[in-house]
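# Survey of secondary and tertiary structure
The residues making up each chain are set out below.
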Amino acid sequence: MLREISAGGVLVRSTPEGWELAVIEPQREASIVGQSDKKRHKEVLALPKGLIDSGEKPAQTAVREVREETGLTGSILAKLSDIKYMYVRSWGDNQRVFKIVSFYLLRYESGNIDDVSPEMRIEVKRAQWIPLEGAERELAYRGERDVIRLAREYLNSHAEEERP
Ligand code: ATP
């Protein structure tokens, strides 16, 4: 079975209303969902992530992928967890892929949400801020929902340093 190793980020910023999280609406998911009557109007939200380049450390990949896919630069606060899943490639010879994605918690530093390059637009339909509170109800994948809970626990237990 093929293996893919990626890294991604849970990027948060504090606002007067509480923490907000940067999420993306992947382009390909939107078109798949568009074919299904039942789910036609349901947007698929996910965390920014991507394959680890050779010579790159996972935390660097997380920062780079978040910047490329959301337009935002963040600094690493903590490693959250590794999620694992399997999928079948819909192109080529329908190979099964076992995938591991390492997620990091990032604090917002700079940039404007959805300020992404035309090349990145092929992958990302839209990046947006959503409230961290209840964000797991918005995310499409269980592994990512678990990561969000860990992020909230981290922020709650470091309330003094990371107050919104
Ligand atoms: P990357 O973002 O790492 O560059 P990619 O866009 O090629 O990779 P994925 O986002 O892993 O690949 O998507 C491949 C397939 O896996 C898609 O069908 C997608 O719906 C599914 N998928 C993506 N994330 C998850 C997840 N956390 N859990 C289960 N399935 C997922």
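In what follows, the accompanying structure is described. Per-chain numbering applies: the sequence of each chain, read as written, is numbered from 1 onward. Totals for whole chains, interfaces and linings use all residues, but because this is a predicted model, local features are given only for residues with pLDDT of at least 70 and pairs of side-chain atoms are given and counted only at 80 or more. To get the side-chain values, all heavy atoms of the structure are used, and hydrogens and water are removed first.

### Observations concerning the site of the ligand
Around the ligand, 11 residues are found, and the nearest of them are Ser 6, Lys 49, Tyr 85, Lys 99 and Tyr 141. What qualifies as a polar contact is a pair of N or O atoms within 3.5 Å, subject to a donor-acceptor requirement within protein and to the restriction that residues adjacent in sequence count only when both atoms come from side chains. For the ligand, an oxygen atom lies 2.7 Å from a polar atom in the side chain of Ser 6. Note that an oxygen atom of the ligand is positioned 2.5 Å from one of the side-chain N or O atoms of Lys 49. Note that accessible areas follow from Shrake-Rupley with a 1.4 Å probe, and for residues the cover is restricted to the protein chains shown. Relative to its free-state accessible area of 620 Å², the ligand is covered by the protein chains to the extent of 72%. Elements supplying a minimum of two residues to the shell around the ligand: helix H1 (27–34), strand E3 (49–51) and strand E4 (72–88). Of the residues belonging to the shell around the ligand, the class tally is 5 nonpolar, 2 polar and 4 charged. Nearness is defined per residue: one heavy atom within 4 Å of the molecule or strand is enough. For the purposes of this entry, the term helix denotes a DSSP run of H or I that reaches at least four residues, the term strand denotes a run of E that reaches at least two, and both are numbered from the N terminus. Ten residues, namely Ala, Val, Leu, Ile, Met, Phe, Trp, Tyr, Cys and Pro, are considered nonpolar, four, namely Asp, Glu, Lys and Arg, are considered charged, and the remaining ones, Gly among them, are considered polar.

### A closer look at the environment of Arg 89
Along the chain, Arg 89 turns up in the loop between E4 and strand E5 (96–111). Working definition: with a 1.4 Å probe on protein chains only, accessible area under 20% of the residue-type maximum means buried, over 50% means exposed, and in between means partly exposed. Overall, the relative accessible area of 17% leaves Arg 89 in the buried class. A distance of 3.0 Å separates the side chain of Arg 89 from the side chain of Glu 4, its partner in a polar contact.

### Brief notes about unusual backbone geometry
At Asn 94, a position not held by glycine, the phi torsion is positive, near 55 degrees. At Asp 114, a position not held by glycine, the phi torsion is positive, near 70 degrees.

### Some points on helix H2 (residues 58–70)
Each turn of an α-helix holds 3.6 residues, which means side chains three or four residues apart point in the same direction. With 13 residues, H2 should cover 18 Å at 1.5 Å per step; its first-to-last C-alpha distance of 18 Å lies within 8% of that length. Buried residues of H2: Thr 61, Ala 62, Val 63, Arg 64, Glu 65, Val 66, Glu 69 and Thr 70, and no others. Note on contacts: a residue pair is in contact if any heavy atoms of the two residues lie within 4.5 Å. Residues of H2 that are buried sit in contact with strand E1 (2–15), strand E2 (18–26), E3, E4, E5 and strand E6 (124–131). Just beyond H2, the residue with positive phi is Gly 71, at close to 90 degrees. One fewer than the residue count of a helix, multiplied by 1.5 Å, yields its expected span.

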